Amino acid sequence: MSRIQLKTREQVRHMRRAGLVVADIHAALREAAVPGVTTRALDEVSAQVISSHGAKSNFLGYYGYPATVCISVNDTVVHGIPDDRVLEAGDIVSFDCGAYLEVEGRQWHGDAAFTMIIGGDGAGTERRRQLNAVTEESMWAALAALASARRLSAVGEAVEEVVAEHALRDGWEAGIIEDYTGHGIGTAMHQEPEILNYRARGISPRLRPGMVLAVEPMLVTGDIENVTLGDDWTVKTLDGGDAAHWEHTIALLEDGVSVLTAADSGVAGLASYGVTPVSLD
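Rules used throughout
Residues numbered from 1 in each chain as written. Predicted model: local features only at pLDDT ≥ 70, side-chain atom pairs only at ≥ 80, totals over all residues. Heavy atoms only, no water. Phe/Tyr/Trp six-rings, centres within 6.5 Å; stacked < 30°, edge-to-face > 60°. Helix = DSSP H or I, 4+ residues; strand = E, 2+ residues; numbered from the N terminus. Buried < 20%, exposed > 50% of the residue type's maximum accessible area, 1.4 Å probe, protein only. Lys NZ or Arg CZ within 6 Å of the ring centre and 35° of its normal. 1 Å grid on protein atoms, 1.4 Å probe; cavity = no way out; pocket = protein on both sides within 12 Å on 5 of 7 lines; lining within 4 Å. Points joined across faces, edges and corners; volume = space filled by probe spheres on them. Nonpolar A, V, L, I, M, F, W, Y, C, P; charged D, E, K, R; others polar. Pairing = 2+ DSSP bridges. Axes fitted to C-alpha atoms, helices over the stretch in contact; angles between N-to-C directions. Contact = heavy atoms within 4.5 Å. Left-handed = near helix turned anticlockwise from the far one by under 90°.

(A) A look at the packing of aromatic side chains. As enumerated under the stated definition, the model contains 4 aromatic pairs in all. Their ring planes at 75° and their centres at 5.1 Å tell us that Tyr 65 and Trp 233 sit as a pair that is edge-to-face. With Tyr 65 in the loop between helix H2 (39-52) and strand S1 (69-73) and Trp 233 in the loop between strand S10 (226-228) and strand S11 (235-237), this pair connects stretches of sequence that are 168 residues apart. A single burial state applies to Tyr 65 and to Trp 233, both of which are buried. Connected via pairs of aromatic rings, a cluster forms that spans Phe 95, Phe 114 and Trp 246. The residue whose ring lies beneath Arg 30 is Phe 114, and the NZ or CZ to ring-centre distance is 4.2 Å.

(B) Region of the structure containing the layout of surface pockets. Reported here for the largest pocket is a volume of approximately 380 Å³. Lining the largest pocket are 21 residues, and of these His 79, Asp 96, His 183, His 190 and Glu 216 lie nearest its centre. Residue composition of the lining of the largest pocket, by class: 10 nonpolar, 5 polar and 6 charged. Looking at the second largest pocket, it is lined by 19 residues, and the ones nearest its centre are Ser 153, Leu 196, Ala 200, Ser 204 and Pro 205. Looking at the lining of the second largest pocket, the elements that each hand over two or more residues are helix H4 (154-170) and strand S7 (191-195). The biggest single contributor to the lining of the second largest pocket is S7, with 4 residues. Its residues placed into classes, the lining of the second largest pocket shows 10 nonpolar, 4 polar and 5 charged.

(C) Seen up close, the sheet that holds strand S5 (residues 175-176). Judged by pairing direction, the sheet is antiparallel, and its 3 strands sit side by side in the order S5-S9-S12 without closing on themselves. The open sheet has two edge strands with one neighbour each: S5 and strand S12 (243-245). Sheet analysis places S5 next to strand S9 (residues 218-220), joined by 2 bridges and oriented antiparallel. Following the sheet pairing, Ile 176 is matched in S9 by Leu 219.

(D) Expanded view of the sheet that holds S7. Taken together, 5 strands build an open sheet; the order of strands is S7-S6-S8-S13-S14 and the sheet is antiparallel. Of all strands in the sheet, those bounded by a partner on one side alone are S7 and strand S14 (256-259). Going across the sheet, the axis of each strand differs from the next one's by a mean of 25°, ignoring polarity. Here 2 bridges tie strand S6 (residues 182-184) to strand S8 (residues 212-215), and the two strands are oriented antiparallel to one another. Counterpart to His 183 in the pairing with S8 is Ala 214. Packing against the sheet, helix H3 (residues 126-145) makes contact with S8, strand S13 (248-253) and S14, and its axis sits at approximately 10° to S13.

(E) Representation of empty space enclosed by the protein in the model. Taken as a whole and assessed by the stated rule, the structure comprises 1 cavity of 30 Å³ or more. What the largest cavity holds in volume is close to 30 Å³. Considering the residues around the largest cavity, the lining is formed by Gln 130, Val 134, Val 163, His 166, Ala 167, Asp 170, Trp 172, Glu 173 and Ala 174. Those elements that provide at least two residues to the lining of the largest cavity are H3 and H4. Split into classes, the residues belonging to the lining of the largest cavity amount to 5 nonpolar, 2 polar and 2 charged.

(F) Molecular detail of the packing of helix H1 (residues 9-32) against H2. With their axes 9 Å apart at the nearest point, H1 and H2 run at an angle of 145° to one another. Here H1 runs over H2; the crossing is right-handed. Along its contact with H1, which presents Val 21, Asp 24, Ile 25, Ala 28, Leu 29 and Ala 32, the element H2 presents Leu 42, Val 45, Ser 46, Val 49 and Ile 50. Across the contact of H1 with H2, the residue classes tally to 9 nonpolar, 1 polar and 1 charged.

Here it is in structure tokens:
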């Protein structure tokens, strides 16, 4: 296993700048993702935001990926490729976005994802609303756990706890995708460590200041079995169940944590867990 890259506070500030680009992509996509728009047009929105910041896409060209954003609709779990598909009211859609900035010859990356129901929550089914809610909550619970945990396994434990709580409340249990995980991030988009979204045996890495992590649970309404289509990117649930995907990049600092891809550094999302993030702005 490669060593985990630890960042200085100044390097984390570079990543915060990249994270704010990603936050702006999210804001633009939320506004533009309305019934009748194509996913290809939304990729153009993402590309324009990235260009306006003088940043570069860390998705476009990555192992041949042909767009600046992954747009995954309904039963697509992750890595959906933008095309001429027209979004309809009630679709549940995940947007996985990234960008990087170059500082003194080194790349500093940001990566985050969100899910929304096209046309607003009122346009979707109750099951889709519940799926989106449990996925987002599991992400924030995992991010909050990193503020005080000793080991990385706290992420998977937090996700499982939230899923179990929702199962009792909603009457059904979301499936946690195991084939795709979170990751370290820094001078490359994907770095060590791998971040599991479920409990697993064995000793997980000890958390240390300077670690920057992309936490990204993906949950489904049905079975977790999935298949990759012939384009070698698009991942769909085997049973046709819906999927949701939430992700933020978080930095572990000597004096706390900071959510680098959230415009408010994670203030709103972490508040209910009693965690106040560090501001780097």
